[in-house]
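Residue-level structure breakdown
What follows is each chain in one-letter form.
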Amino acid sequence: MALRKRVWRIIKENKGQYFGIFILILLGSFYFIAATGVANNLEKMVVGFAEEYRQEDLTFSTDMPIEDIAALEGESSALIEVYRQYDVKLPDGQNLSGGELRLLSLSSKINIPAVLSGRGLENLGDILLDPYFCQTQGLNIGGQIELNGKTFNIVGTMAVPNYVYILKNLYDVLPTSGFGIGMVSGADIEAFPEAITVYAASFEDRENINAQTAKLHELLTEKGYSLSEWLDAKNNKRISMPWSNISSMKSMSFPVSTAFFLLCCLIVGVMIMRIVKSDGVVIGTLYAQGYRRRELTRHYMAIPVLLSAAGGFAGTLLALPCVRPVVDSMLIYYILPDKGITFSLLNLALAVLMPVAFIGLSSFLTIRKVLKKTAVELMKGDEQKAKVNVIERALRLDRFTFNTKFRIREQVRSIPRLLFLVLGVCAASMILMFGFTFNYSMDVVMDKGALERYQYPLEYNFKEVRNIEDGGIPEGAEPYNTLRGYPEGRESVEYYLVGMKPDSVGLKMNDMQGNALSRDQVNITSPLASRLKLKEGDTISFVNKLDGKSYSLTIDGIVEAYGEQFVYMPLDEFNRMTGQPLGSYRTVISSHEMDFDESLLAGVMDARYPEAYEDLSMPTTLIVGSVTALAVLIAVIIIFLVTSLMIDESRNTISLLKVLGYRGKELAMLILNSSTPAVFIGFWLGLPLMLVFGNNLYGYVAEMINMMIPMIVNPLYILISFVLIFAVYEITKRLCGRKLAKISMSEALKAGTE
């Protein structure tokens, strides 16, 4: 009972330190549960929807209806579903605000709709709409909508696996304002004879999708079908956009949160070890009074176990209600069935048990080591006495002034404490600089990436390959032809091979020194060259994703780029190499709007307003903001804990200095400022470690989402991080200065008496 009371007394005596430890554990568990909860729930929604409602692997169109779909399914080992679609212009007025609705016929094998509210299609004249279209058009379930003179009854809202991100055209990047989708029965869509036929395919074998796609393309070509709008799910932004955002968020959040969580456990474990060692005299006294080793172990284990369990539990509880708002904010642009928020029992258990295990183990080992000594040895206070170590002896401090010697001794006499401070500041600086660097890198990608390289801001993508001879290209426009390829054996590294006219000016093409590169040669963007470890004169070998044919090209130049993965070559050579007629093109880049027939277009990219693309990086911006805030908190707590511990371990010395006449400011200079070199070293040590960590993490993300994010360090942000860390250090010193002032001169006299 007496020992139990002492636990609370110890905590009350050093409540600042223990509160700091509690907060650190709380933050670790909070971030771990919040990050894993958001990533897992988003993944569950996207993956669960794709699997349960059979998302397509491929969408394509043919010049004539496929005659025997069942036979083609057998030959290609794929499910193939034919459906029809028709775009209806909506009139202004009559409770509608213009826009366009794409009617889709009901599918039953692939891209099966999920009813979000209301009921499914049961009768002729029923229609399901996407919820955002209902919201923007002011439509409600139970109401009606008139489309080209035919009235439909709105019976519910739905989500479709191949329209998670609702884009009008396959090659669009941003949603078209006022555009939505609706689903009607196959009989109802017959009322629109202009409806076009589209096919969706889903492969039974979930491995080697690229090879199966190429085989299906070959089968259709052999049967005499001309193909258009051939696009696999990985490159279909209606499907891939949420995958990319969620994969990047998961790739970033899980390793960062796990590393952060383990770091917290390590820091707190070391902290508890220092506190237990400083209590050596008390342990020896209790030992001498007859307390057994097991009782004392239980007694001293109670503090770290209690703190870690309480911190882990509180952090877990606080994180639970935060997951739903974050998930909702990330799903604002995506239409998915809401499966509810769930949490992994394993992660919940880890959030509470991991700090208990780490901190408990480090405390147990320390206590066990201390209790191996006899009561007499412990009561001598050897555990508290600072010993002159090898480093201190090697420094030859006699040549320095007293103040300098004192500050150096304060640091080097306790190597574990010094390492704890350096590594703690290093970790906080690393996280802070990584947050700023990631944010800056994304800004550079947005500012200097693909959009900035467009000299002509409009890109028109056609459904089928066209030829310059059939009408020519107007002035102010340039033809391009493209194919998507990947290095053999590395299907995760996909990129575009682009054929362009040697005299084209629509895209900037500068080398790494800013000099213009010739378009009449093979050029590769720097991120792709870096990822494939290629340089000028090397050969790039790749497989055409469409038909599986292999090609090789010699690299002539490296294009300065940010995040883009392209290989450029002359248009005529491109067409000759791929076996297409000279003059073939699939894309037109234009300096001005052009009046193409919309039915011929697969998508239009408009780079005239780059700010419209900023929302695409919102999920990563949220992560960066949270990581930066946590880094500042970690820095505050670590510096406070170390400074506070240093004051506690030097209480007798501080008291003696007061007896000798040292004033408050002089003491603060001696005690508190002694950590400045350690904080400085810790910060700059964080920079190279951040670069190593960031490069490895970026490489991992590139393999996951096929996007090479350049890691660009901005000296201004490094300076801001430096100022922030030292501002935190100065504020923490002021807080600890109050504790310094409370130490009385009598403590030195009492120590001398003892």
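Residues numbered from 1 in each chain as written. Predicted model: local features only at pLDDT ≥ 70, side-chain atom pairs only at ≥ 80, totals over all residues. Heavy atoms only, no water.

An unreviewed UniProt entry lists the protein under the name ABC3 transporter permease C-terminal domain-containing protein, from Paenibacillus spongiae. The Subcellular location (unreviewed entry) comment attached to the protein in UniProt states, word for word, "Cell membrane". (UniProt positions renumbered as here; feature names shortened; annotations may be inferred.)

Description of the overall build of the protein
Regarding its fold elements, the protein presents 23 helices and 22 strands. Relative to its full complement of 754 residues, the protein shows a buried share of 52%. Of the contacts formed within the protein by residues at least 6 apart in sequence, a portion of 81% connects residues at least 24 apart. Total accessible area computed for the protein in this model is approximately 34,000 Å², and 58% of it derives from carbon and sulfur atoms. (Helix = DSSP H or I, 4+ residues; strand = E, 2+ residues; numbered from the N terminus. Buried < 20%, exposed > 50% of the residue type's maximum accessible area, 1.4 Å probe, protein only. Contact = heavy atoms within 4.5 Å. Areas by Shrake-Rupley, 256 points an atom, 1.4 Å probe, with all protein chains shown as cover.)

Digging into unusual backbone geometry
Despite not being glycine, Ser 77 has its phi angle at roughly 55°, a positive value. With respect to the helices and strands, Ser 77 occurs in the loop between helix H3 (69–76) and strand E2 (78–89). A relative accessible area of 33% places Ser 77 in the partly exposed class. In this structure, Asn 111 is a non-glycine residue whose phi angle is positive, near 55°. Checked against the element boundaries, Asn 111 lands in the loop between strand E5 (100–105) and strand E6 (114–118). The class for Asn 111 is buried, based on a relative accessible area of 3%.

Let's talk about the packing of H3 against helix H6 (residues 209–222)
It is at 10 Å that the axes of H3 and H6 come closest, and there the two elements cross at 140°. Classified by the angle their axes make, H3 and H6 are oblique. Crossing angle aside, the handedness with which H3 passes H6 is right-handed. Two secondary-structure elements touch here, H3 through Leu 72, Glu 75 and Ser 76 and H6 through Lys 215, Leu 216, Leu 219 and Leu 220. (Axes fitted to C-alpha atoms, helices over the stretch in contact; angles between N-to-C directions. Parallel < 35°, antiparallel > 145°, perpendicular 65-115°, else oblique. Left-handed = near helix turned anticlockwise from the far one by under 90°.)

Some words on the UniProt feature "transmembrane region" (unreviewed entry) in the protein
Mapped onto this numbering, the UniProt entry annotates "transmembrane region" (unreviewed entry) at residues 21–39, 254–276, 300–320, 340–365, 418–438, 622–647, 667–687 and 707–729. Structurally, residues 340–365 comprises 81% helix and 0% strand, and the distance from its first C-alpha atom to its last is 43 Å. In the segment residues 667–687, helix accounts for 81% and strand for 0%; the C-alpha atoms at its two ends are 32 Å apart.

Here's the deal with a nonpolar patch on the surface
On the surface, Leu 716, Leu 719, Ile 720, Val 723 and Leu 724 cluster together to form a nonpolar patch covering roughly 400 Å² of accessible area. Residue placement: Leu 724 occurs in helix H22 (residues 715–742). Assessed through its relative accessible area of 31%, Leu 724 is described here as partly exposed. (Patch = residues over 30% accessible without salt bridge, like charges linked within 9 Å, V, L, I, M, F, W, Y side chains within 5 Å. Salt bridge = Lys/Arg side-chain N within 4 Å of Asp/Glu carboxyl O.)

Regarding the nonpolar core
Leu 42, Phe 49, Ile 181, Val 327, Leu 331, Tyr 334 and Leu 336 are the most contacted members of the largest nonpolar core, which has 34 residues in total. Elements that contribute at least two residues to this core include exactly helix H2 (15–52), strand E9 (150–159), strand E10 (179–184), strand E11 (196–203), helix H7 (237–278) and helix H9 (293–330). The element that contributes the greatest number of residues to this core is H2, accounting for five residues. In this structure, Phe 420, Val 425, Ala 635 and Ile 718 belong to the second largest nonpolar core, which totals 32 residues. (Core = buried A, V, L, I, M, F, W, Y, C linked by side-chain atoms within 4.5 Å.)

What to know about the pattern of salt bridges
Across all of its chains, the model carries 18 salt bridges by this definition. Lys 223 is the partner of Glu 75 in a salt bridge, and the nearest nitrogen-oxygen pair spans 3.0 Å. On the criterion of sequence distance, the pair formed by Glu 75 in helix H3 and Lys 223 in the loop between H6 and strand E12 (227–232) is long-range, its members being 148 residues apart. Taking relative accessible area as the criterion, Lys 223 reaches 40% and is therefore assigned partly exposed.

Considering H3
Taken together, the buried positions of H3 are Ile 69, Leu 72, Glu 73 and Ser 76. Across the axial projection of H3, the buried residues extend over an arc of 105°, all falling on one side. Within H3, the exposed residues directed more than 90 degrees away from the buried face are Ala 70 and Gly 74. Residues of H3 that are buried sit in contact with E2, E11 and H6. The backbone nitrogen of Ala 70 has a side-chain oxygen 3.4 Å away, supplied by the residue at the start of H3, namely Asp 68. Once H3 finishes, Ser 77 follows within two positions and takes phi at roughly 55°, a positive value. (Arc of directions from axis to C-beta. Polar contact = N/O pair within 3.5 Å; in protein donor to acceptor, adjacent residues only side chain to side chain.)

Description of the side chain of Lys 545
Within the fold, Lys 545 resides in the loop between strand E17 (539–544) and strand E18 (550–554). Within the structure, the side chain of Lys 545 is placed 2.5 Å from the side chain of Glu 494, a separation counted as a polar contact. When sequence neighbours within four positions are dropped, the list of residues in contact with Lys 545 reads Asn 210, Ala 214, Asp 232, Lys 234, Asn 235, Arg 484, Gly 485, Tyr 486 and Glu 494.

Description of the packing of helix H8 (residues 280–288) against H9
Their axes nearest at 10 Å, the elements H8 and H9 cross at an angle of 145°. The handedness of the crossing between H8 and H9 comes out as right-handed. Every residue of H9 that contacts H8 at Val 282, Ile 283, Leu 286 and Tyr 287 is listed here: Arg 293, Leu 296 and Tyr 300.

Remarks on the pairing of E10
E10 sits mainly inside the fold: six of its six residues count as buried. Burial along E10 is two-sided: Phe 179, Ile 181 and Met 183 and Gly 180, Gly 182 and Val 184, pointing in opposite directions, are all buried. Summarising the sheet, E5 and E10 pair through six bridges and their orientation is parallel. Across the sheet, Arg 102 pairs through a bridge with Ile 181, a residue of E10. Relative to E10, strand E7 (residues 126–129) runs antiparallel, the two being bridged by two bridges. Directly across from Leu 129, in E10, lies its bridge partner Gly 182. (Pairing = 2+ DSSP bridges.)

Some points on the pairing of E5
Taking burial as the measure, the six residues of E5 include six buried ones, the bulk of the element. The two faces of E5 match: Glu 100, Arg 102 and Leu 104 on one face and Leu 101, Leu 103 and Ser 105 on the other face are all buried. Here E2 pairs with E5 via five bridges, running antiparallel. Following the sheet pairing, Lys 89 is matched in E5 by Glu 100.

Structural notes on H22
In a regular helix each residue adds 1.5 Å, so 28 residues correspond to 40 Å; H22 covers 41 Å between its end C-alpha atoms and thus fits that length. For H22, the set of buried residues is Ile 718, Ser 721, Ile 725, Phe 726, Val 728, Tyr 729, Thr 732, Lys 733, Cys 736 and Leu 740. Where H22 begins, the capping side chain belongs to Asn 714, and its oxygen is found 2.9 Å from the backbone nitrogen of Leu 716. (Expected span 1.5 Å × (residues − 1).)

Regarding the side chain of Ser 308
Examined against the element boundaries, Ser 308 turns out to sit in helix H9. Of note is the side chain of Ser 308, whose polar atom sits 2.6 Å from the backbone oxygen of Pro 304. Beyond its immediate sequence surroundings of up to four residues, Ser 308 is in contact with Ile 25, Pro 355, Val 356 and Ile 359.

Notes on a positive patch on the surface
Together, Lys 12, Lys 15, Arg 738 and Lys 742 line one region of the surface with positive charge. Mapped onto the secondary structure, Lys 15 falls in helix H2. Since its relative accessible area comes to 59%, Lys 15 is described here as exposed. (Lys, Arg positive; Asp, Glu negative; His and termini not counted. Charge placed at Lys NZ, Arg CZ, Asp CG, Glu CD.)

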